[in-house]
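Structural overview for review
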Amino acid sequence: MSGEASMGAAAACVAAAAWLLGGRQHGVRRARLLLAGGAGVATGPPSWERAAGELRRLRGRLRPEWWSLAAGLLLALLGASVIPVVAGAAGVPVLRRVRLAREAGRAGERRADAVIGLCGVLAGEVRAGRQPGEALLRAARDSGGLGEAQAGVVAAARFGGDVPGALAVAARQPGADGLLGLAACWRVAVDQGAGLADGIDRLDGALRAERDQRADLRAQLSGARATALLLAVLPALGLLLGSAMGAHPLRVLLHSGAGLGCLVAGALFEGAGVWWAGRIVRGAEAA
């Protein structure tokens, strides 16, 4: 009993000493912070914030098309076959091309909006009594409608060069087709003395009407896009349903001759269907 009592007393003393030491260290850190006034003390963000920042940076570096390879690796592990890995690797360049096309389309839409803003600012500057060249310089400075060709247009407007020609060169960028109308208005106003502001106002109205028409058409085609996406996802849902029922569809598809034939035929039909649906939607948008 005396030995157990002594052991308990020793443990209590160790615990008390650890508590006092921890409190003292905490007091020392607090005193340092107070005496330093918070200056020069690098506490740093919490560990969970650093981890979240690393995950965000990793997600920014990891392009969406690489999820195709990740899905292929997962299916390869579940189905014990190398075929999903090959299919996932083959899907990476296809998805990259789709992503780049979408990014180019969004960039073109932003440039088209910038051209509309350029026309609005230019018309306002001309109506305020500024000379066309000076008005174009101010409009180009206030908006980004000229894109990469802004330097050439600004130089032509500042030094009396061929402004319509520079605008026509700038119109070659995706989404900057409206600059061709601006070049025509500029040429007519300079050669025939017509009102530049009136022509730009009509051009601005036409560009806005075209943008609204594209937005309305995109809204009408959203149902067709959703239907095509649903049809493309149905095979994956079928595989999940088969796995839930205990049919082992991956084993049948990846480890039998009939299953491999069905897999190849289904993939071909799936790809053809997605391509045809996308072609129909693109044709409707182009029309």
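1. Examining the packing of aromatic side chains
If you walk through the whole model with that rule in mind, you get one aromatic pair. When the centroid spacing of 6.0 Å and the interplanar angle of 50 degrees are considered together, the rings of W275 and W276 count as tilted. For W276, a relative accessible area of 45% corresponds to the partly exposed category.

2. Remarks on the pattern of salt bridges
Considering all chains together, one arrives at 12 salt bridges under this definition. With a closest N to O distance of 3.2 Å, E134 and R130 form a salt bridge. Relative accessible area serves as the criterion here: at 38%, E134 is assigned to the partly exposed category. On the accessibility criterion, R130 (30% relative accessible area) is partly exposed. Each of E65, R96, R99 and E103 takes part in salt bridges that share partners, so that together they form one network.

3. Describing the side chain of E65
Positionally, E65 belongs in the loop between α2 (47-61) and α3 (66-79). Residue classification places E65 among the buried residues on the basis of a relative accessible area of 2%. Among all residues touching E65, those that are not within four sequence positions of it are V92, L95, R96 and R99.

4. Quick notes on the packing of helix α5 (residues 132-142) against helix α6 (residues 150-158)
Their axes nearest at 8 Å, the elements α5 and α6 cross at an angle of 155 degrees. On the basis of their axis angle, the class for α5 and α6 is roughly antiparallel. Here the hand of the crossing between α5 and α6 comes out left-handed. Along the contact surface, α5 presents G133, L136, L137, A140 and R141, while α6 presents Q150, V153, V154, A157 and R158. Residue composition of the contact of α5 with α6, grouped by class: six nonpolar, two polar and two charged.

5. What to know about the confidence of the model for the chain
A low pLDDT means the predicted coordinates there should not be read in detail. When pLDDT is averaged along the chain, the result is 78, and 76% of the positions lie at 70 or above. When the criterion is pLDDT under 50, residues 1-10 qualifies, and its contacts beyond four places in sequence or with other chains add up to zero contacts. Taken together, the stretch residues 33-44 has pLDDT below 50 and engages in three contacts with residues farther than four places along the chain or on a different chain.

6. Section: α3
Between its first and last C-alpha, α3 extends 20 Å over 14 residues, near the 20 Å set by a 1.5 Å rise per residue. Within the span of α3, buried status applies to S68, G72, A76 and G79. Relative to the axis of α3, the buried residues are bounded by an arc of 80 degrees and lie together on one face. Opposite its buried face, α3 presents the exposed residues W67, L77 and L78, each directed more than 90 degrees away. Check the buried side of α3 and you find it contacts α4 (83-127) and α10 (249-254).

About the criteria used
Residues numbered from 1 in each chain as written. Predicted model: local features only at pLDDT ≥ 70, side-chain atom pairs only at ≥ 80, totals over all residues. Heavy atoms only, no water. Phe/Tyr/Trp six-rings, centres within 6.5 Å; stacked < 30°, edge-to-face > 60°. Buried < 20%, exposed > 50% of the residue type's maximum accessible area, 1.4 Å probe, protein only. Salt bridge = Lys/Arg side-chain N within 4 Å of Asp/Glu carboxyl O. Helix = DSSP H or I, 4+ residues; strand = E, 2+ residues; numbered from the N terminus. Contact = heavy atoms within 4.5 Å. Axes fitted to C-alpha atoms, helices over the stretch in contact; angles between N-to-C directions. Parallel < 35°, antiparallel > 145°, perpendicular 65-115°, else oblique. Left-handed = near helix turned anticlockwise from the far one by under 90°. Nonpolar A, V, L, I, M, F, W, Y, C, P; charged D, E, K, R; others polar. pLDDT = per-residue confidence, 0-100. Expected span 1.5 Å × (residues − 1). Arc of directions from axis to C-beta.

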